[in-house]
Amino acid sequence: MTEAVLLVGGKGTRLRPLTINTPKPMVPAAGVPFLAHQLARARAAGVKHVVLATSYLAEVFEPYFGDGSAHGLRLTYVHEEEPLGTGGAIRQASIALTSGPTEPVLVFNGDILTGLDIGDLLLRHERAQADVTLHLTRVADPRAFGLVPTGPDGRVLAFTEKPRRPEEIVTDQINAGAYVFRREVIDTIPQGRPVSVERETFPGLLAARAVLHGVVDASYWLDLGRPAAFVQASADLVRGVVHSPAVPGDPGEFLVLPGARVADGARLLGGTVVGAGAYVAAGAVVEGSVVLDGARIEEGARVRASMVGTGARVGPRTLLDDVVIGDRSDIGADNELREGARVWCGTAIPDAAIRFSAV
Ligand code: GTP
């Protein structure tokens, strides 16, 4: 039986204000909490048991996902009172695993959307007889990530977290946030104190001459840590650029959830989602955006690459481009917000008060 640990305990600070009341993996993407996509993909790869390593806002996961049976999985929740970091969380979660010492255990970051073939990753792990196998992806600018150069046989040569000096950038391969651990390797992570798997566990294993194997994969990959990426991921899921069995609809230009209302003459494009009870008025254009439950987009508003929070209102003719509107905020008519502006939950902006500014 293949088991997986999903790391879902981070504070998601870069995604605020979306993560003030909702942990990052529970923020909706393509109509369902992002975590539902990861669970569906794990299940499709044959995973039967997932341990959710929770910490920040831990109480919201179980009421939604329960014992996992509705998602075709067995789910166990392991909660850290104090966040233990990625490595500490894996160690703590392992108390709920039933795999034998040499069996493979999958570990996933809870904020990565990828088309990775999980079955193939497991196969490559077995073939390499590795202690840990890491999913690697290539990015144009690796500076914000953990660099993982490999030799011709796939053996990991080094780990460099977020390199600062140009000479440290020796590869465009980065840690893509999915691993296969031989179970007994997890047991070597210190228990009960914060540990970073990226900064401590992996470099430590490398120094101890453990077999660390990298699998460079060219399929879809996106780190949802920032709002623009999160909105992009949702749009890509809706349009079928990347497949998830959990999307509640067929691939297309938009997804309108049951109970939403879209007036005649409103235009939805680019993988936009309109949540339950939300309303889009005539003449509004919503492109590549996420409109959460109960939000209102008024007449003639134009919303692009943005997230409109639960119960928020976007007034007539207002323009949003690459913006996050917090839950229950009220943006009056004739405003213009762009370039990463974030409006905190419950904020009211009067009519025609803002033209192109970061709030
Ligand atoms: P930022 O605060 O915006 O950096 O986001 P984050 O808190 O999610 O941190 P990061 O993106 O580095 O975390 C990568 C993954 O590990 C995410 O899925 C987090 O939920 C998870 N994670 C990070 N720290 C912890 C922790 O202390 N405990 C648990 N259980 N998960 C964690």
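Counting restarts for each chain: residues are numbered from 1 in the order of the written sequence. Totals for whole chains, interfaces and linings use all residues, but because this is a predicted model, local features are given only for residues with pLDDT of at least 70 and pairs of side-chain atoms are given and counted only at 80 or more. Calculation of side-chain values draws on the structure's entire complement of heavy atoms; hydrogens and water are dropped beforehand.

Caption draft 1: Fine view of the UniProt feature "domain: Nucleotidyl transferase" (unreviewed entry) in the protein chain. UniProt positions are given in the numbering used here, feature names are shortened, and annotations may be inferred rather than shown by experiment. Residues annotated in UniProt with the feature "domain: Nucleotidyl transferase" (unreviewed entry) correspond here to residues 4-237. Within residues 4-237, the helical portion is 26% and the strand portion 26%, while the C-alpha atoms at the span's ends are 23 Å from each other. Only DSSP runs of H or I with at least four residues qualify as helices, and only runs of E with at least two residues qualify as strands; both kinds are numbered from the N terminus onward.

Caption draft 2: Structural detail: the packing of aromatic side chains. What counts as a ring pair is set by centres within 6.5 Å for rings of Phe, Tyr and Trp (its six-membered ring), and what kind of pair is set by the plane angle: stacked under 30 degrees, edge-to-face over 60, tilted for all other angles. On inspection of all chains with the given rule, the structure shows 7 aromatic pairs. Ring centres of Phe34 and Phe230 lie 6.3 Å apart, and the angle between their planes is 65 degrees; on these two criteria the pair is classed as edge-to-face. Residue Phe34 is located in helix α1 (residues 34-44), and its partner Phe230 is located in helix α7 (residues 227-239); the two are separated by 196 residues in the primary sequence. Of the two residues, Phe34 and Phe230, both sit in the buried class. By way of ring pairs, the aromatic residues Phe159, Tyr179, Phe181 and Phe202 are connected into one cluster. For the exposure calls, accessible area comes from a 1.4 Å probe over protein chains only, and a residue counts as buried if that area is under 20% of its type's maximum, exposed if over 50%, partly exposed in between.

Caption draft 3: The arrangement of the environment of Leu52 in detail. Of note, Leu52 is situated in strand β4 (residues 47-54). Overall, Leu52 belongs to the buried group, its relative accessible area being 0%. Sequence separation between Leu52 and Glu62 is 10 residues; the distance between their C-alpha atoms is 9.6 Å. Apart from residues no more than four positions distant in its own chain, Leu52 is found in contact with Leu6, Val8, Leu35, Leu75, Thr76, Tyr77 and Val78. Contacts were defined at the residue level, with two residues in contact if any of their heavy atoms lie within 4.5 Å.

Caption draft 4: Up close: the site of the ligand. Near the ligand there are 19 residues, and of these Leu7, Thr13, Glu80, Gly85 and Gly110 occur at the shortest range. Whenever a nitrogen or oxygen atom comes within 3.5 Å of another N or O atom, the pair is scored as a polar contact, on the condition that within protein one atom can donate a hydrogen and the other can accept it, and that pairs from neighbouring residues in sequence are kept only if both atoms are in side chains. Note that an oxygen atom of the ligand is positioned 2.7 Å from one of the backbone N or O atoms of Leu7. Here an oxygen atom of the ligand sits 2.8 Å away from a polar atom, N or O, in the main chain of Arg14. Under the convention used here, a 1.4 Å probe and the Shrake-Rupley method define accessible areas, while residue burial counts only the protein chains that appear. Here the ligand has 610 Å² of accessible area as a free molecule, and 81% of this is covered by the chains. Among the elements that take part in the shell around the ligand, helix α3 (residues 85-93) stands out by supplying 3 residues, more than any other. Think of it as three bins: nonpolar holds Ala, Val, Leu, Ile, Met, Phe, Trp, Tyr, Cys and Pro, charged holds Asp, Glu, Lys and Arg, and polar takes everything else, Gly as well. Across the shell around the ligand, the residue classes break down as 6 nonpolar, 8 polar and 5 charged. A cutoff of 4 Å decides nearness: a residue is near a molecule or strand if any of its heavy atoms lies inside that distance of it.

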